[in-house]
Amino acid sequence: MNQDELKQAVAQAALDYIAPKLKSDSIIGVGTGSTANFFIDLLADRRTDFEGAVASSDATAERLKGHGIPVYELNSASEIEFYVDGADETNARLELIKGGGAALTREKIVAAVAETFICIADESKMVDVLGRFPLPLEVIPMARSYVGREIVKLGGDPVYREGVTTDNGNIIIDVHNMDLSRPILVEEKINQIVGVVTNGLFARRPADVLLLGTDKGVDTIHRAGI
């Protein structure tokens, strides 16, 4: 299967996973990116089975609305049963790197609220150690240079992502060559840098379930202890 076919397969697997548990008042968190878009398009056929969705980006909100799916602000949603999103990288512990689409902050917020975080990805995203994909940081614009210097002190090579403004009005710095062998520790250290809104390590709040697309089918991987 090509990459789009793998994305389609994991999106369908995610819908199959949550469909039996949906209720008329269910609110679903929906991520951002090409894999999440496949899920949104499939979700449209079940839009009468749940109340609505919370979107992790403006682009996702527009796609959901285009399918007639009601979109709610997170502050008005009492609970989110499921959050379905892709990833730029995952390890065996379901710790992730996200943010290639510059929506990491809202993605991290929705993931924090959700009861079950379902990651959908193809097998190319599975790595032994995170860090092959550069780690995105959402940064307050005036702190760009300062944050860059602090990242260098931590051993990373920061690169400003030109021409990108997040939905929150901030910038993205991509960090290359960072040692992410202890992702929870690195996530905490980077978030302590003044001017960093958040970083794209989803380690303190990893995925609960990974639906991994392979040429042999979709593997369902549960986080240890789940």
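Summarised in this report is the structure supplied together with it. All of these numbers come straight from a predicted model, not from anything done at the bench.

With respect to the sheet that holds strand E10 (residues 196-199)
Pairing between the strands of a sheet comes from backbone hydrogen bonds, and it takes one of two forms, parallel or antiparallel. What the four strands build is an open sheet, ordered E8-E9-E7-E10; its pairing is antiparallel. In this open sheet, the two strands that pair with only one neighbour each are strand E8 (157-160) and E10. The sheet shows a mean angle of 30° between the axes of neighbouring strands, taken without regard to direction. Strands strand E7 (135-139), strand E9 (171-176) and E10 of the sheet are contacted by helix H4 (residues 104-113), whose axis makes an angle of about 65° with E10.

With respect to empty space enclosed by the protein
Inspection of every chain in the model, using the stated rule, returns one cavity of 30 Å³ or more. The volume enclosed by the largest cavity comes to roughly 40 Å³. For the largest cavity, the full set of lining residues is Ser56, Ala102, Ala103, Leu104, Thr105, Arg106, Glu138, Thr166, Asp167 and Asn168. Here the element with the most residues in the lining of the largest cavity is H4; it accounts for three residues.

A few points about the nonpolar core
Buried together is how nonpolar side chains tend to be arranged in soluble globular proteins. Within the largest apolar cluster, 25 residues are counted, with the highest numbers of intra-cluster contacts made by Ile28, Val30, Phe39, Leu43, Leu64, Ile118 and Ile120. Of all the elements in the fold, those that place two or more residues in this core are helix H1 (3-18), strand E1 (27-30), helix H2 (34-43), strand E2 (52-55), helix H3 (58-66), strand E3 (82-85), strand E6 (116-122) and strand E12 (209-214). Considering each element in turn, this core owes the most residues, six residues, to H1. Setting aside residues up to four positions removed in sequence, Leu43 forms contacts with Leu15, Ile28, Val30, Phe50, Leu64 and Ile69.

A few points about the side chain of Asn91
Turning to its location among the elements, Asn91 is positioned in the loop between strand E4 (89-90) and strand E5 (96-97). Asn91 gets classed as buried once you look at its relative accessible area, which sits at 2%. Among the polar contacts listed, one links the side chain of Asn91 to the backbone nitrogen of Arg93, at a separation of 2.9 Å. A polar side-chain atom of Asn91 sits 2.8 Å from a polar atom in the side chain of Glu95. When residues no more than four places from it in sequence are discounted, the contact partners of Asn91 are Met126, Val127, Asp128 and Leu130.

Side note on the pairing of E9
Working note: regular strand, side chains alternate between the two faces of the sheet. Counting buried residues along E9, five of its six residues qualify, which places the element largely inside the surrounding structure. Pairing geometry for E7 and E9, over five bridges, is antiparallel. Within E9, the residue paired with Leu135 across the bridge is Val175. As judged from the four bridges shared by E8 and E9, these two strands associate in the antiparallel manner.

So, the sheet that holds strand E11 (residues 201-202)
What the three strands build is an open sheet, ordered E4-E5-E11; its pairing is antiparallel. Looking along the sheet, the strands with just one partner apiece sit at the ends: E4 and E11. Across two bridges, E4 lies against E5 in antiparallel orientation. Bridge pairing in E5 links Thr90 to Leu96.

Reading the values: the criteria
Residues numbered from 1 in each chain as written. Predicted model: local features only at pLDDT ≥ 70, side-chain atom pairs only at ≥ 80, totals over all residues. Heavy atoms only, no water. Pairing = 2+ DSSP bridges. Helix = DSSP H or I, 4+ residues; strand = E, 2+ residues; numbered from the N terminus. Axes fitted to C-alpha atoms, helices over the stretch in contact; angles between N-to-C directions. Contact = heavy atoms within 4.5 Å. 1 Å grid on protein atoms, 1.4 Å probe; cavity = no way out; pocket = protein on both sides within 12 Å on 5 of 7 lines; lining within 4 Å. Points joined across faces, edges and corners; volume = space filled by probe spheres on them. Core = buried A, V, L, I, M, F, W, Y, C linked by side-chain atoms within 4.5 Å. Buried < 20%, exposed > 50% of the residue type's maximum accessible area, 1.4 Å probe, protein only. Polar contact = N/O pair within 3.5 Å; in protein donor to acceptor, adjacent residues only side chain to side chain.

Take it as geometry only, folks, not as evidence of what the structure does.
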